[in-house]
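One-letter residues, chain by chain:
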Amino acid sequence: MSELALSGVGKRFGKTVALADVSLQIKSGEFICLLGSSGCGKTTLLRIIAGLEKCDQGELHLDRVALSKLPSHKRNIGMVFQSLALFPHLNVSRNIAYGLKMRSISGEATNARVTELLALTGLVGFETRSVASLSGGQKQRVAIARALALEPRLFLMDEPFSALDAGLRDHLQQEVKKLQRQLAVTTIFVTHDQSEAMSLADRIVILNNGSIEQAGTPKEIYQRPLTRFVAEFIGNNNLLDIEIDETAVKYQGYNLGSPQGSIENLRGRQTLVVRPESIRLRASHDTSQYLQGTVTMQRTVGALVECDIDVDGQVLKYTALQNSGPEVSIGDAVSLSWDWSGLWCLPGESQ
Ligand code: ATP
C-alpha cells in the first residue's frame with residue numbers, strides 16, 4: 001500500500017510562485033499524469049515529493065507518515081528523469097543493481113532481482129553491454145529497471161520519453177503502462193503531452209500556474225472540462241458565448257433552437273463547449289442548420305480531416321474522419337450543426 005496525500009503544498013523561487021496550495025490524494029497503485037505547459041510547476045512538485053526540493057508550505061504524507069521527516073534517500077522512491085543519469089562506466093546489470101548494492105542486499109538476492117527486472121523490461125541478453133552502446137529506448141529501459149529495483153513505494157517519471165521518436169515513445173508508453181499494472185506501484189508521470197497523459201493515466205492532474213485546474217479520469221477531463229483553461233488545453237475545444245432562455249439558445253445573431261440535452265435546464269449567459277468532432281458539416285449555406293460559415297483552413301492529418309471555419313469572426317475547429325463528411329475546400333460556404341447530447345457548458349462561467 002502506498003497512498004500519497006498532498007495538502008496545501010506551496011513553493012516559491014524568489015518572486016516566482018512555482019506551486020500554490022496544491023492538494024491531492026493519490027490512491028495506492030494509481031497511475032497519475034501531471035499535465036501542463038512549460039513552467040506550470042510539474043517538475044517542482046515531483047522534486048518536492050522525491051525530497052530533492054523543500055516546500056515552503058503544506059504537508060505531504062506517504063501512507064500517513066509525514067514525508068518532511070524523511071530525507072530523500074529514506075523515502076524509497078524510484079525516479080526516472082529525461083536525463084537518465086545512468087552510470088556510463090557500469091554495464092546494464094550493474095546499473096540496475098546499483099541501488100541494491102548500496103543497500104548491501106546479498107549478491108544472490110541482487111542477482112535474482114536483476115534477472116527479474118531484465119525480463120520485465122525486455123533487456124534479457126543485454127546484461128553485460130555497456131550502457132553507452134545502447135539505443136535511446138534501451139537506455140530508457142535500463143533507467144526504468146534501475147528505478148524499480150528497490151521495489152519503490154512511489155515511482156516518479158519526469159518526461160522520460162520526450163526525447164524519443166514517436167514510434168518508440170508509443171511503444172515504451174504501452175510497456176510502462178503494462179509494467180505499472182503488473183507491479184501495482186503508485187506512479188506519478190510528468191508530461192506536457194496531452195495524448196501521452198490520455199493514454200497512460202488512471203487520473204490526469206492538470207496544472208496551470210502552479211495550481212490544479214482539474215483532476216479526473218482521461219474521459220472526465222475530455223468530456224467534462226470544468227474550466228476554460230482545461231477546455232482549451234485538452235482537445236482543441238470551441239468555446240461559444242451563448243445566452244439561454246426558456247425558449248431559445250442564442251449565439252451571436254443565431255437562434256440554435258430550444259435548450260436541450262445537458263443544457264436543457266441552464267439559463268442566462270453560458271460558455272458552451274463544442275468539441276471539433278461534435279460538429280456536423282454541410283457543404284452550403286443552409287439556414288435549417290445552426291450556423292453558417294466559411295472554410296478558412298483545411299488539411300488532412302492521417303485519417304482525419306481538420307478545418308477552421310469562420311463564423312462571423314469566430315473561428316471554429318472541425319474534425320472528422322476522412323470520407324465521413326462532405327469534401328470542402330478553403331473559401332467554401334458551409335453550415336454547421338451538432339448533437340446536443342454530448343455538449344457541455346463550463347460550470348464556472350454561468351452568469
Ligand atoms: P517544464 O515542462 O518546462 O519542465 P515545469 O512545469 O516542470 O516546466 P517547473 O520546472 O516546476 O515547471 O518550474 C515552475 C516555475 O518555477 C518556473 O517558472 C520555473 O522557472 C521556476 N523554477 C523552477 N526551479 C527553479 C529554481 N531552482 N530557481 C528559480 N526558479 C525556478
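Residues numbered from 1 in each chain as written. Predicted model: local features only at pLDDT ≥ 70, side-chain atom pairs only at ≥ 80, totals over all residues. Heavy atoms only, no water.

Quick look at unusual backbone geometry now. One non-glycine residue with positive phi stands out, namely N236, at about 55°. Within the secondary structure, N236 sits in the loop between α8 (228-233) and β11 (238-244). Backbone geometry at N323 places phi at a positive 70°, although glycine is not the residue there. Structurally, N323 is set in the loop between β18 (314-321) and β19 (333-338). (Helix = DSSP H or I, 4+ residues; strand = E, 2+ residues; numbered from the N terminus.)

Moving on, we get to the side chain of Q289. Residue position: Q289 is located in the loop between β15 (279-282) and β16 (291-301). In this structure Q289 touches R282, S335, L336 and S337, once residues within four positions along its chain are discounted. (Contact = heavy atoms within 4.5 Å.)

Moving on to the site of the ligand. Taken together, F13, T16, A18, S37, S38, G39, C40, G41, K42, T43, T44 and E159 make up the full set of residues adjacent to the ligand. Residue K42 places a side-chain N or O atom 2.8 Å away from an oxygen atom belonging to the ligand. Bound to the protein, the ligand loses 58% of the 630 Å² it would expose on its own. At 3 residues, the largest contribution of residues to the shell around the ligand is made by helix α1 (residues 42-50). When the residues that make up the shell around the ligand are grouped by side-chain class, the tally is 3 nonpolar, 7 polar and 2 charged. (Near = heavy atom within 4 Å. Polar contact = N/O pair within 3.5 Å; in protein donor to acceptor, adjacent residues only side chain to side chain. Areas by Shrake-Rupley, 256 points an atom, 1.4 Å probe, with all protein chains shown as cover. Nonpolar A, V, L, I, M, F, W, Y, C, P; charged D, E, K, R; others polar.)

For the rest of this paragraph, the subject is the packing of aromatic side chains. For the structure shown, the criterion picks out 7 aromatic pairs. On the numbers, 5.4 Å between centres and 15° between planes, the contact of F229 with F233 is stacked. Of this pair, F229 and F233 both sit in helix α8, 4 residues apart, which is roughly one turn of that helix. Exposure remark for F229: the relative accessible area of 21% places this residue in the partly exposed category. Here Y290 and W338 contribute two aromatic rings whose centre-to-centre distance is 5.1 Å and whose plane-to-plane angle is 50°, an arrangement assigned as tilted. Linking Y290 in the loop between β15 and β16 with W338 in strand β19, this pair joins segments that are 48 residues apart in sequence. Members of the aromatic cluster, joined through ring pairs, are F31, F161 and F189. Sitting above the plane of the F87 ring, R146 keeps its charged end 5.0 Å from the centroid. (Phe/Tyr/Trp six-rings, centres within 6.5 Å; stacked < 30°, edge-to-face > 60°. Buried < 20%, exposed > 50% of the residue type's maximum accessible area, 1.4 Å probe, protein only. Lys NZ or Arg CZ within 6 Å of the ring centre and 35° of its normal.)

With that settled, consider the pairing of strand β1 (residues 4-13). With 7 of 10 residues buried, β1 is to be regarded as a mostly interior element. Sheet topology places β1 next to strand β4 (residues 57-62); 5 bridges connect them, and they run antiparallel. Bridge pairing links L4 to L62 in β4. Bridge count between β1 and strand β2 (residues 16-26): 7 bridges; the pairing is antiparallel. Looking at the pairing, R12 lines up with V17 of β2. (Pairing = 2+ DSSP bridges.)

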